[in-house]
Amino acid sequence: MEYFAFMIHPLDVSDVARKFPIARFLPARWVERMLLLLPPVKVSHITGIRSPHAEAEGWFVSCPLTARQIISLPPEQVLERVVRAGKLAEQLGAKILGLGAFTKVVGDAGITVAQRLNIPVTTGNSYTVATAVAATREAAALMGYSLEEASVAVVGATGAIGSVCAELLAREVRDLTLVGRSKERLRHLADKIKHRTGLAVKITDDLKDTLRRSDVILTVTSAVHTVIEPEDLKPGAVVCDVARPRDVSRRVAVERPDVLVIEGGVVEVPGEVNFNFNFGFPPRTAYACMAETMILALEGRYESYTLGRDLTVEQVEEIDRLARRHGFKLAGFRSFERALTPEDIERVKENAQRKRKAG
């Protein structure tokens, strides 16, 4: 039996109210002050993960800070809270720790956390990239696009995750635009992609113009605020938002029913897994970053696999291969923290067709 832990935290005070109902009657600032007094907690015991090659079980441990607190509090204070939750994972018997949601972006993206713990740490970003590209491909197909024929853009292309996504997509598309703030870094990436894939990509720092003409967009900037608004997108556009915090405004969900926004892939976990905790997913499914921690445990690869902000295509390809070996696969989509059904996607497609005809 292999053992792991995965760190979660409340995204906002509404998540706190799910466990402590009284919180829904209190001002948000009061709830956040109370969170500062809480120790890390074991949320649940995860059982039943079984691949053709190994079995694993683990724990969800919570770092009791909201996303707003993680972003706004002094980094060393947040880091100390994350490390304390990691120490709890060690005490429970975990041999590897995955960092979830905003805990993975604190400071140097897991490096210092790993240095202060006695078990390896991974952010899950490698498998997140693998599933994001796969989900983008699948979502585009459901909306009637072939990646080979579509106009595709990668926003935030010069970042560690964006550059890997861009290189992976360049193997499949013929019309690829890379968007970033530094023309020099974009040119360097474009040269690298042409050398490795043969595709001559377009580069630009004009985000709005690119968004308006793109069919399929994968966005992963490091912006603190949203960069994609409802008026930026063409009818029927597909947007895969990999960024944390989100690049796509929640207004898009309300004002653009003709646009499909996904967070990346929902992953099916092998075996009769029981998370003993409802995080809003269908049974036996999880985020890709959660799944990376499970995959490494099943493989007995107790190492800090994805840390910091450097990421390679080779890492992504390797974790994708290990995922397939152990029976993990794409199982659906999420959009603004909720699962999308096939009916939801069909409605978006129909709305896009009506808007094109009306326009």
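Source: prediction; values computed, not measured. (Residues numbered from 1 in each chain as written. Predicted model: local features only at pLDDT ≥ 70, side-chain atom pairs only at ≥ 80, totals over all residues. Heavy atoms only, no water.)

Asks: What is the right way to look at the overall build of the protein in this model?
Replies: Across its full length, the protein carries 13 helices and 16 strands. In summary, the protein has a C-alpha radius of gyration of 20 Å against a globular reference of 21 Å for 359 residues, a match within 12%. The C-alpha extent of the protein, read off along each of the three principal axes, is 55 × 45 × 40 Å. In the protein, which comprises 359 residues, the proportion classed as buried is 55%. Within the protein, contacts between residues at least 6 apart in sequence are counted, and of these 69% link residues at least 24 apart. Of the accessible surface of the protein, which amounts to about 15,900 Å², a share of 52% is contributed by carbon and sulfur atoms. Charged side chains of the protein number 49 positive and 45 negative; the gap between the two group centres comes to 3 Å. (Helix = DSSP H or I, 4+ residues; strand = E, 2+ residues; numbered from the N terminus. Rg over C-alpha atoms; globule rule 2.2 N^0.38 Å. Buried < 20%, exposed > 50% of the residue type's maximum accessible area, 1.4 Å probe, protein only. Contact = heavy atoms within 4.5 Å. Areas by Shrake-Rupley, 256 points an atom, 1.4 Å probe, with all protein chains shown as cover. Lys, Arg positive; Asp, Glu negative; His and termini not counted. Charge placed at Lys NZ, Arg CZ, Asp CG, Glu CD.)

Asks: I tried to follow the pattern of salt bridges on my own but got confused; where do I start?
Replies: For side chains bearing opposite charge, pairing can occur when the charged atoms are close. For the structure on display, the rule yields 27 salt bridges. Measuring nitrogen to oxygen at the nearest pair gives 3.1 Å for the salt bridge that ties Glu318 to Arg301. Here the residue Glu318 occupies a position in helix H12 (residues 313-326), and Arg301 occupies one in the loop between helix H11 (288-299) and H12, the gap between them amounting to 17 residues. Classification of Glu318 by relative accessible area gives partly exposed; the value is 24%. Because the salt bridges share partners, they merge into one network encompassing Glu229, Glu231, Arg251 and Glu255. (Salt bridge = Lys/Arg side-chain N within 4 Å of Asp/Glu carboxyl O.)

Asks: Even after reading the chapter, I still don't get the packing of helix H7 (residues 160-170) against helix H8 (residues 183-197), so can you show me in this structure?
Replies: Think of two packed helices as two axes; the pair is described by the angle between the axes and how far apart they sit. The contact between H7 and H8 brings their axes to 10 Å, and the two run at 35°. Crossing of H7 against H8: the hand is right-handed. Between H7, through Ser163, Ala166, Glu167 and Ala170, and H8, the contact on the second element is made entirely by Leu189, Lys192, Ile193, Arg196 and Thr197. Class assignment for the residues of the contact of H7 with H8 results in 4 nonpolar, 2 polar and 3 charged. (Axes fitted to C-alpha atoms, helices over the stretch in contact; angles between N-to-C directions. Left-handed = near helix turned anticlockwise from the far one by under 90°. Nonpolar A, V, L, I, M, F, W, Y, C, P; charged D, E, K, R; others polar.)

Asks: Can you walk me through the sheet that holds strand E2 (residues 41-50) in this structure?
Replies: To summarise the sheet geometry, strands pair through backbone hydrogen bonds and adopt either a parallel or an antiparallel arrangement. Ordered by their spatial adjacency, 6 strands build an open sheet running E5-E4-E1-E3-E2-E13, and the pairing between neighbours is mixed. The open sheet terminates on both sides in strands that have one partner only, identified here as strand E5 (121-122) and strand E13 (271-274). Judged from the 7 bridges that link them, strand E1 (residues 2-8) and strand E3 (residues 55-62) form a sheet pairing that is parallel. In the strand pairing of E3, Met7 is matched with Val61. Sheet strands touched by helix H4 (residues 75-92): E1, E2, E3 and strand E4 (97-99). Its angle to E3, the strand with the most contacts, is close to 145°. Seen against the sheet, H11 touches E1, E2, E3, E4 and E5 and runs at an angle of roughly 165° to E1. (Pairing = 2+ DSSP bridges.)

Asks: When you look at the environment of Pro257 in this model, what are you seeing that I'm missing?
Replies: Secondary-structure assignment places Pro257 in the loop between helix H10 (251-255) and strand E11 (260-262). Considered as a pair, Pro257 and Gly144 are 113 residues apart in the sequence and their alpha carbons are 16 Å apart. Among residues more than four places away in sequence, those in contact with Pro257 are Arg347, Val348 and Asn351.

Asks: How do you make sense of the packing of helix H6 (residues 125-142) against H11 when you look at a structure like this?
Replies: At a closest axis distance of 7 Å, the pairing of H6 and H11 adopts a crossing angle of 125°. Here H6 is positioned oblique relative to H11, judged by the angle of their axes. By crossing handedness, the relation of H6 to H11 is classed as right-handed. Contacts between H6 and H11 involve Asn125, Ser126, Tyr127, Thr128 and Thr131 from the first element and Ala288, Cys289, Ala291, Glu292 and Ile295 from the second. Broken down by class, the residue content of the contact of H6 with H11 amounts to 5 nonpolar, 4 polar and 1 charged. (Parallel < 35°, antiparallel > 145°, perpendicular 65-115°, else oblique.)

Asks: Any chance you could explain the nonpolar core here in plain terms?
Replies: One broad trend across soluble globular proteins is that nonpolar side chains are buried collectively. Formed by 77 residues in total, the largest nonpolar core has its most connected members in Ile49, Tyr127, Leu176, Leu178, Phe275, Met294 and Phe328. The biggest single contributor to this core is H11, with 9 residues. Beyond its immediate chain neighbours, meaning those up to four positions away, Met294 contacts Phe4, Ile49, Val269, Phe275, Ala286 and Phe328. With 26 residues, the next largest nonpolar core counts Trp59, Ile70, Ala89 and Ala114 among its residues. (Core = buried A, V, L, I, M, F, W, Y, C linked by side-chain atoms within 4.5 Å.)

Asks: Help me out: how do you make sense of H8 in this one?
Replies: Quick reminder: α-helices carry 3.6 residues per turn. Residues three or four places apart thus point the same way. For H8, built from 15 residues, the straight-helix expectation of 21 Å at 1.5 Å per residue is met to within 8% by its first-to-last C-alpha distance of 20 Å. Listing the buried residues of H8 in full gives Leu186, Leu189, Ala190 and Ile193. Burial along H8 is one-sided: seen end-on, the buried residues are contained in an arc of 105°. Counted as exposed and oriented over 90 degrees from the buried face of H8: Glu184, His188, Asp191 and His195. (Expected span 1.5 Å × (residues − 1). Arc of directions from axis to C-beta.)

Asks: Mind showing me how you'd approach the sheet that holds strand E7 (residues 175-179) here?
Replies: Here 6 strands make up an open sheet; going across it, the order is E8-E7-E6-E9-E10-E11 and the pairing parallel. With partners counted over all chains shown, the strands left at the sheet margins are strand E8 (202-204) and E11, one partner each. If you compare each strand with its neighbour and ignore which way they point, the axes differ by 20° on average. Sheet topology places strand E9 (residues 216-219) next to strand E10 (residues 238-241); 4 bridges connect them, and they run parallel. Bridge assignment links Ile217 to a residue of E10, and that residue is Val239. Contacts between H7 and the sheet are confined to strand E6 (151-155), E7 and E9, with E6 contributing the most and set at about 160° to the helix.

Geometric descriptors of this kind do not, in isolation, establish any biological role.
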